[in-house]
Amino acid sequence: MNRSITFLLTTTLLSLALCSGCDGTPRDPRMDDTPTYGRAVVLADEAFKLMLDDHQLVFNSTYPDAQVDIHYMPEAELTRAMLADSVRLVFGAFRPGADQAAYFKTRNLSVHSEPVATDAIAVIVAPESELRTASLTELRNLLSDTSSVGYHAIFDRNGSGVPRTLVDSLFDGDAGMLRRASATEGVEQLVTRVAQDPGTVGFVAFAELSDLDDPACVALRERIRIIPISQEPTGAAYLPTQGTLKDGSYPLRRKVIMLVTEGKSGLGTGFASFVAGHKGQRIILKQGLAPERVPARDVEIVHP
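These numbers come from a predicted model, not from an experiment.

### Description of the packing of aromatic side chains
Here's step 1: Enumeration according to the criterion identifies 6 aromatic pairs in this entry.
Here's step 2: Ring centres of Phe59 and Tyr63 lie 5.0 Å apart, and the angle between their planes is 55°; this geometry places the pair in the tilted category.
Here's step 3: A relative accessible area of 1% places Phe59 in the buried class.
Here's step 4: Ring centres 5.5 Å apart and planes at 65° place the aromatic pair Phe59 and Phe274 in the edge-to-face group. Pair noted here: Phe59 is in helix α2 (residues 49-62) and Phe274 is in helix α10 (residues 267-276), with a separation of 215 residues, a long-range link. No difference in accessibility class separates Phe59 from Phe274, as the two residues are buried.
Here's step 5: Pairwise contacts between aromatic rings join Phe59, Tyr63, Phe91, Phe271 and Phe274 into one cluster.

Below, the structure is given as structure tokens:
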């Protein structure tokens, strides 16, 4: 767990133990929250809903006096909504830009950012598609107008973080190079479009498809095929898996980053500590993404 978060959590719990019931005034759960008590608003990229829903369930069950409310939205909306005063914690695939940093400076806040997992952009096609693999060069051609590749590219929705990630990865941040793509109205519609049209190539957050213990993820994956991606046209191609995300061999990776935006050690800090800690990282491991810190596994060998 990050030392700064651990320190804040520890000092707050100690102070509460010493001062609990000092004046007998009832606590306001929205204002007097602690790392394990109160109510807090958390914002998150909707691509990470499956990941964070499990964390929210376990955290709220473990700490019955805590209520973490997570609001999900596309990345473009998220970067605007995170500037609200009531937001304690943000999960996205980005770090604060200049506008966000300037805003937090006006509030005298030093925002703590920390990666908690590695996600990826999965490239999906119809099961009968002739496209079996693709290189980053071929994807650049597909998404720009430099080649008549014969395929049409689509994303999950407008404002999604997926095309922004691809612009950063493939075009060095030049959004003007992304010219040959359209958006659907969500992952379900994206999968439907891809499954019905062998000439369509879809781009989706791997976090939407990674949990093979989730029946909804399995149902989506049964309708399409994820193709391996290579760094170079003649190089080895890899599928997005926990292993290839962790060792860097899958080229279209991105970090899941949490931004603690509260100016105290409150419930936002407590939930952040949980996600970054041992239990939270185990949940991420179970979901098929690559946790930032692989939890240790104790194995007991019993001799007969």
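### What to know about the environment of Leu220
Here's step 1: Here Leu220 shows up in helix α8 (residues 215-223).
Here's step 2: Leu220 sits 33 residues away from Val187 along the chain, and the two C-alpha atoms are 9.0 Å apart.
Here's step 3: Beyond its immediate sequence surroundings of up to four residues, Leu220 is in contact with Val187, Glu188, Val191, Glu208 and Leu209.

### Brief notes about the sheet that holds strand β11 (residues 237-238)
Here's step 1: Strand order in this open sheet of 3 strands is β5-β10-β11, and the pairing throughout is mixed. Each end of this open sheet is capped by a strand with a single partner; those strands are β5 (134-135) and β11.
Here's step 2: Where β5 lies against strand β10 (residues 229-230), 2 bridges are found, and the strand directions are parallel. If you follow Ala134 over to β10, its bridge partner there is Ile229.

### Quick notes on the side chain of Asp156
Here's step 1: With respect to the helices and strands, Asp156 occurs in the loop between β6 (152-155) and α6 (161-171).
Here's step 2: Here Asp156 sits buried without a salt bridge, and the closest side chain of opposite charge, Arg157, lies 4.9 Å off (N-O distance).
Here's step 3: Excluding its chain neighbours within four sequence positions, the residues that come into contact with Asp156 are Val162, Thr184, Glu185, Gly186, Val187, Leu190 and Phe203.

### A look at the confidence of the model for the chain
Here's step 1: Scored by pLDDT, the chain comes out at a mean of 88, with 85% of its residues at no less than 70.
Here's step 2: pLDDT under 50 marks residues 6-22. Its contacts with residues more than four places away, or in other chains, come to 11 contacts.

Rules of the game
- Residues numbered from 1 in each chain as written.
- Predicted model: local features only at pLDDT ≥ 70, side-chain atom pairs only at ≥ 80, totals over all residues.
- Heavy atoms only, no water.
- Phe/Tyr/Trp six-rings, centres within 6.5 Å; stacked < 30°, edge-to-face > 60°.
- Buried < 20%, exposed > 50% of the residue type's maximum accessible area, 1.4 Å probe, protein only.
- Helix = DSSP H or I, 4+ residues; strand = E, 2+ residues; numbered from the N terminus.
- Contact = heavy atoms within 4.5 Å.
- Pairing = 2+ DSSP bridges.
- Lys, Arg positive; Asp, Glu negative; His and termini not counted.
- Salt bridge = Lys/Arg side-chain N within 4 Å of Asp/Glu carboxyl O.
- pLDDT = per-residue confidence, 0-100.

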